[in-house]
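# Examination of the molecular architecture
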Amino acid sequence: MKKIILLSMAVSMLSVLSTCGSDSTGPEPQSENWMPLSVGNCWNSTIEGYTIDPTGPDTFDLSGSMERTVTALLDHQGGFQVYEFETLMEMTFTHPDTSYVVAETLYIYLRNTGDEMREYKDTVSTDYMLIALFPLILNETWSASPVSSTIYEVVSLNASVTVPAGSFSNCAIIRETDLNAPDFQCDRYFHRNLGIVRDSLVYGNLQEIILNLESFNVLYDP
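What counts, and where the lines are drawn
Residues numbered from 1 in each chain as written. Predicted model: local features only at pLDDT ≥ 70, side-chain atom pairs only at ≥ 80, totals over all residues. Heavy atoms only, no water. Helix = DSSP H or I, 4+ residues; strand = E, 2+ residues; numbered from the N terminus. Buried < 20%, exposed > 50% of the residue type's maximum accessible area, 1.4 Å probe, protein only. Contact = heavy atoms within 4.5 Å. Pairing = 2+ DSSP bridges. Axes fitted to C-alpha atoms, helices over the stretch in contact; angles between N-to-C directions. Salt bridge = Lys/Arg side-chain N within 4 Å of Asp/Glu carboxyl O. Polar contact = N/O pair within 3.5 Å; in protein donor to acceptor, adjacent residues only side chain to side chain. Core = buried A, V, L, I, M, F, W, Y, C linked by side-chain atoms within 4.5 Å.

### Some words on the overall build of the protein chain
Looking only at helices and strands, one finds one helix and 12 strands in the protein chain. Counting helices and strands in the order they occur from the N terminus, the protein chain gives α-β-β-β-β-β-β-β-β-β-β-β-β. When each of the 222 residues of the protein chain is scored for burial, the buried share is 47%. Restricting to contacts in the protein chain with at least 6 residues of sequence separation, those with at least 24 account for 54%.

Here's what the structure looks like:
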């Protein structure tokens, strides 16, 4: 359960950080702007859902908010630049007998090479997670790293979704699964030039978390 809750808090595609191949190349032009990376871009989402304590079993309703912001463009020691991506998350767990709040601030570092979106844990290590391949191709799959059990798949390029921030069509859905957790699935809806508009995370019948985009500050050209 701890892994799944952490997944709901993470930043760039709500994925848990792990290691991947070494990156020693310089920056390249961006393409396929599914996640606009400019300093100041900000996405605010609502959180709702539930989680069941398998040792209880007690059911907790979940509510809260997540703010994701591109806070800086930094030099990486590998000789390229990365965007610092900050997530501020606050989530309330409510049960008839009790409630408590979890708040956390997380940082990751993103780089769009033009062919790939790469996620780094810091500005020192050149190990990265491969979180998107460009251009997005329907049904294409890839591993987050040679040693990772995390698998990504493009399951749609024309999805429609309505969230508090508006109605969006022609969305891409990238699905994350885990070979070591067959009941886990996370679908992330991306709208071109805007970024993530919905995250839908399910772990069997033990947990469901939905993040819907509520507002954004992005130079958005639909």
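### A closer look at the pairing of strand β11 (residues 195-203)
Strand residues, when the strand is regular, have side chains that alternate between the two faces of the sheet. Relative to β11, strand β10 (residues 181-191) runs antiparallel, the two sharing eight bridges. Looking at β11, one finds that Tyr189 is bridged to Arg198. With antiparallel pairing between neighbouring strands as the criterion, β11 and strand β12 (residues 207-217) make up a hairpin whose turn holds three residues, including Gly204 at a positive phi of roughly 55°.

### Let's talk about the sheet that holds strand β3 (residues 81-95)
The pairing of strands in a sheet comes from backbone hydrogen bonds and takes either a parallel or an antiparallel form. If you walk across this open sheet you meet the 12 strands as β6-β5-β4-β3-β2-β1-β12-β11-β10-β9-β8-β7, and the pairing is antiparallel. Whereas interior strands pair on both sides, the edge strands pair on one side only; in this sheet they are β6 (129-133) and β7 (141-143). Neighbour-to-neighbour, the strand axes of this sheet turn through a mean angle of 25°, independent of strand direction. Taken together, the 13 bridges between β3 and strand β4 (residues 98-112) define a ladder with antiparallel strand orientation. From the neighbouring strand, Met89 faces β4, where its bridge partner is Glu104.

### Points about the pattern of salt bridges
Applying the stated criterion to the full structure yields four salt bridges. Between Asp187 and Arg175 there is a salt bridge; the shortest N-O distance is 2.7 Å. Of this pair, Asp187 sits in strand β10 while Arg175 sits in strand β9 (residues 166-178), and the two are 12 residues apart along the sequence. A salt bridge links Arg188 to Glu176; the nearest nitrogen and oxygen atoms lie 2.4 Å apart. Taken together, the residues span a long stretch of sequence, with Arg188 in strand β10 and Glu176 in strand β9 at a distance of 12 residues. Arg188 gets classed as buried once you look at its relative accessible area, which sits at 0%. Judged by its relative accessible area of 2%, Glu176 is buried.

### Observations concerning unusual backbone geometry
Looking along the chain, the bond that leaves Phe134 and enters Pro135 is cis, with omega of -5°. Mapped onto the fold, Pro135 is located in the loop between β6 and β7. Although it is not a glycine, Asn139 sits at a positive phi angle of roughly 75°. Although it is not a glycine, Asn193 sits at a positive phi angle of roughly 75°. Considering the arrangement of structural elements, one finds Asn193 in the loop between β10 and β11. What makes Asn193 partly exposed here is its relative accessible area of 23%.

### Notes on the pairing of strand β1 (residues 42-52)
As paired strands, β1 and strand β2 (residues 59-75) are joined by 11 bridges and run antiparallel to one another. For Tyr50, the partnering residue across the bridge sits in β2 and is Asp61. Alignment of β1 against β12, held across 10 bridges, turns out to be antiparallel. For Tyr50, the partnering residue across the bridge sits in β12 and is Glu208.

### Looking at the side chain of Thr113
Looking at where Thr113 falls in the secondary structure, it is placed in the loop between β4 and β5 (116-120). Looking at Thr113, its side chain comes within polar contact range of the main-chain nitrogen of Asp115, at 3.2 Å.

### Structural notes on the nonpolar core
Within the largest apolar cluster, 41 residues are counted, with the highest numbers of intra-cluster contacts made by Trp43, Met117, Trp142 and Val197. Of all the secondary structure elements, the ones that give two or more residues to this core are β3, β4, β5, β6, β8 (150-163), β9, β10 and β11. Once residues within four sequence positions are removed from consideration, Met117 is found in contact with Met35, Leu37, Leu110, Arg111, Asn112, Met129, Leu130, Ile131, Ala132 and Phe134.

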